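Listed below, chain by chain, are the residues.
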Amino acid sequence: PAKTESDFAPFLVPLSDLRDQLRSAKVNDVLPLSPSSKALPLDEFPELPTFRATPVPLKNEVVTSLLRAFQCASQDSSRYILQGALLDVSGKGEKAHRIIATDGRQLFSSNSMDLPQINASVILPDHKLWQWKLLAESRPWTLRIGMEKNDSVPFRIDGPFWSVTGKTITGNYPNYRQVIPPPADFKTLLELPPEISGAMTSLIPKLPGKKLHNRPIGIHVEKGLISLLARETADQPWQFHPIGKAQASGPDTVVFSNRDYVQRALSFGLREVALIDEMSPIRFTSGGDLMIVMPLRAMDADNLKRPRDVKPIIEMVAKEKVSSKKQAPSPKSRRPKPSARTPSPPDPISLVESRIAEAKQAMDAAGGSLKRVRQQREDDQVELSGFRSLFNSIKRFATGGK
């Protein structure tokens, strides 16, 4: 909201002046704005595009899919055509319109759209504004598509109290359908319960190997048990991190991929996972949303270190819930004193973190021990060399210097 004079006319404000006022401003402060002699004439500002078309209302699920697509768009400046989300209206039928985004290693697709008001497919550019929580969570959104004389296509997205105007990305979007394997190719199908996908989403950022190239992580399926594989360095074995059992069909398999893509797919709620083999794309789906994640060729994929007597995280969670119920006092019993409270059982994710930290500490200690052994060996060699020199001197003296 703003208060203006009756004879108000548009004017430009130097960005430096506006920034200085905002730095010292507090919530609900009033910022006085007025024409400045330092500002350029209003004629210097580019003319805003006009939109005659009726705005297209975007449903909440469409806005959510659009924001997810922007997260999967390319950040590579040399692949300009992929730096946005494609609104594909080429399909026919109910909800046949799609939102597509890819960076060449991950692809997001959602068929939750039905936009008959848009005559041709357009590519909306990605921008840091879409990551702004205040903007992303506001509803509703409307979309306007226009046309300019130089064949560039402007767009405007309006929210409850904001609008973003820009130009769409021009060019031919790649044929995304050819990178999506047909359903018949997938051999292993998994349906992850919410507790398993939630545990995986929480655990992935805490696993070792964040500094490795492509940030690899393995999805290991064996008799319905889902485990994650990770390691700190490329010369170590892959460590098992059992998660829990899921509804699975098909052969056991293991596939490696970038952990960021796997975590993103799970955070989108895509809990139906389909696998082909260790070198084929992974498919995550839920309803009309689909995400394809490309695999990684992992070095020493067979070098696995299985844990001893380590229960899956889901079993640890269930045990923790049972333990908490047993420890909860009955309504009739007296509440124990604060000093006599029974400590709550540890969080299973924290237990996994502590195991990872202990393993890293053990590796560091082993490295230190190895260093000390090498130093001791060098000292022994120097000392042995001194003994040999002394022995040779005594020998020459005993033989009369010969």
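Residues numbered from 1 in each chain as written. Predicted model: local features only at pLDDT ≥ 70, side-chain atom pairs only at ≥ 80, totals over all residues. Heavy atoms only, no water.

Novice: Whenever I open this one, the sheet that holds strand E1 (residues 56-58) confuses me. Can you help?
Specialist: Backbone hydrogen bonds are what pair the strands of a sheet, in a parallel or an antiparallel way. As summarised here, the arrangement of the 4 strands in space is E1-E6-E7-E8, forming an open sheet in which the pairing is antiparallel. For this open sheet the edge positions go to E1 and strand E8 (163-167), each flanked by a neighbour on one side alone. The sheet shows a mean angle of 20° between the axes of neighbouring strands, direction not considered. As judged from the 3 bridges shared by E1 and strand E6 (residues 141-145), these two strands associate in the antiparallel manner. Opposite Val 56, over in E6, you have Leu 143 as the bridge partner. (Pairing = 2+ DSSP bridges. Helix = DSSP H or I, 4+ residues; strand = E, 2+ residues; numbered from the N terminus. Axes fitted to C-alpha atoms, helices over the stretch in contact; angles between N-to-C directions.)

Novice: Explain the nonpolar core here, please?
Specialist: It is characteristic of soluble globular proteins that their nonpolar side chains tend to be buried jointly. One finds Leu 66, Leu 87, Trp 141, Ile 157, Leu 192 and Phe 284 to be the most contacted residues of the largest nonpolar core, which totals 60 residues. Counting residues per element, this core draws most heavily on helix H2 (residues 60-71), which supplies 6 residues. With 10 residues, the next largest nonpolar core counts Ile 100, Leu 107, Tyr 173 and Ile 292 among its residues. (Core = buried A, V, L, I, M, F, W, Y, C linked by side-chain atoms within 4.5 Å. Buried < 20%, exposed > 50% of the residue type's maximum accessible area, 1.4 Å probe, protein only.)

Novice: When you look at the sheet that holds strand E19 (residues 304-305) in this model, what are you seeing that I'm missing?
Specialist: Read across the open sheet, the 6 strands follow the order E18-E14-E10-E11-E12-E19; overall the sheet is mixed. Two strands bound the open sheet, and with one partner strand each, they are strand E18 (295-296) and E19. Sheet analysis places strand E11 (residues 225-230) next to strand E12 (residues 238-245), joined by 6 bridges and oriented antiparallel. Paired with Ser 227 across the strands is Pro 242, a residue of E12. Helix H4 (residues 194-203) contacts E11 and E12 of the sheet and is inclined by roughly 150° relative to E12. Sheet strands touched by helix H5 (residues 259-267): strand E10 (216-222), E11 and strand E14 (253-258). Its angle to E14, the strand with the most contacts, is close to 100°. (Contact = heavy atoms within 4.5 Å.)

Novice: It is not clear to me how empty space enclosed by the protein should be interpreted in this structure. Could you clarify?
Specialist: One water molecule sets the probe size; rolling that probe over the atoms shows where empty space is left. Counted under the stated rule, the structure contains 2 cavities of 30 Å³ or more. For the largest cavity, the calculated volume is near 50 Å³. Taken together, Leu 190, Leu 192, Met 200, Ile 219, Ile 226, Val 262, Leu 266, Val 273 and Phe 284 form the lining of the largest cavity. Split into classes, the residues belonging to the lining of the largest cavity amount to 9 nonpolar, no polar and no charged. Estimated volume of the second largest cavity: approximately 30 Å³. As for the second largest cavity, its lining consists of Leu 58, Val 62, Leu 66, Leu 87, Met 113, Leu 115, Leu 124 and Leu 143. Partitioned by chemical class, the residues of the lining of the second largest cavity number 8 nonpolar, no polar and no charged. (1 Å grid on protein atoms, 1.4 Å probe; cavity = no way out; pocket = protein on both sides within 12 Å on 5 of 7 lines; lining within 4 Å. Points joined across faces, edges and corners; volume = space filled by probe spheres on them. Nonpolar A, V, L, I, M, F, W, Y, C, P; charged D, E, K, R; others polar.)

Novice: How should the environment of Val 30 be read in this particular structure?
Specialist: Following the sequence through the fold, Val 30 ends up in the loop between helix H1 (15-23) and E1. Residue classification places Val 30 among the exposed positions, given a relative accessible area of 74%. Residues Val 30 and Ala 2, spaced 28 residues apart in sequence, show a C-alpha to C-alpha distance of 8.7 Å.

Novice: For this particular structure, what's the right way to read the packing of aromatic side chains?
Specialist: Geometry of an aromatic ring pair is reported as the spacing of the ring centres plus the angle between the planes. All chains considered together, the criterion is met by 6 aromatic pairs. Ring centres 5.7 Å apart and planes at 75° place the aromatic pair Phe 108 and Phe 268 in the edge-to-face group. Of this pair, Phe 108 sits in strand E4 (residues 106-113) while Phe 268 sits in the loop between H5 and strand E15 (272-275); the two residues are 160 residues apart in sequence, bridging distant segments of the chain. Here Phe 108 and Phe 268 have matching classes, each one buried. (Phe/Tyr/Trp six-rings, centres within 6.5 Å; stacked < 30°, edge-to-face > 60°.)

Novice: Explain the packing of H4 against H5 to me, please; I cannot follow it from the model alone.
Specialist: Axis angle and axis distance: for two packed helices, these are the angle between their axes and the distance between the axes, and together they describe the pair. The interhelical angle for the contact between H4 and H5, taken along N-to-C directions, is 140°, at an axis separation of 9 Å. Considered as vectors, H4 and H5 are oriented oblique to each other. The crossing of H4 and H5 is left-handed. Side by side, H4 and H5 meet where Ser 197, Met 200 and Thr 201 of the first sit next to Gln 263, Leu 266 and Ser 267 of the second. Its residues placed into classes, the contact of H4 with H5 shows 2 nonpolar, 4 polar and no charged. (Parallel < 35°, antiparallel > 145°, perpendicular 65-115°, else oblique. Left-handed = near helix turned anticlockwise from the far one by under 90°.)

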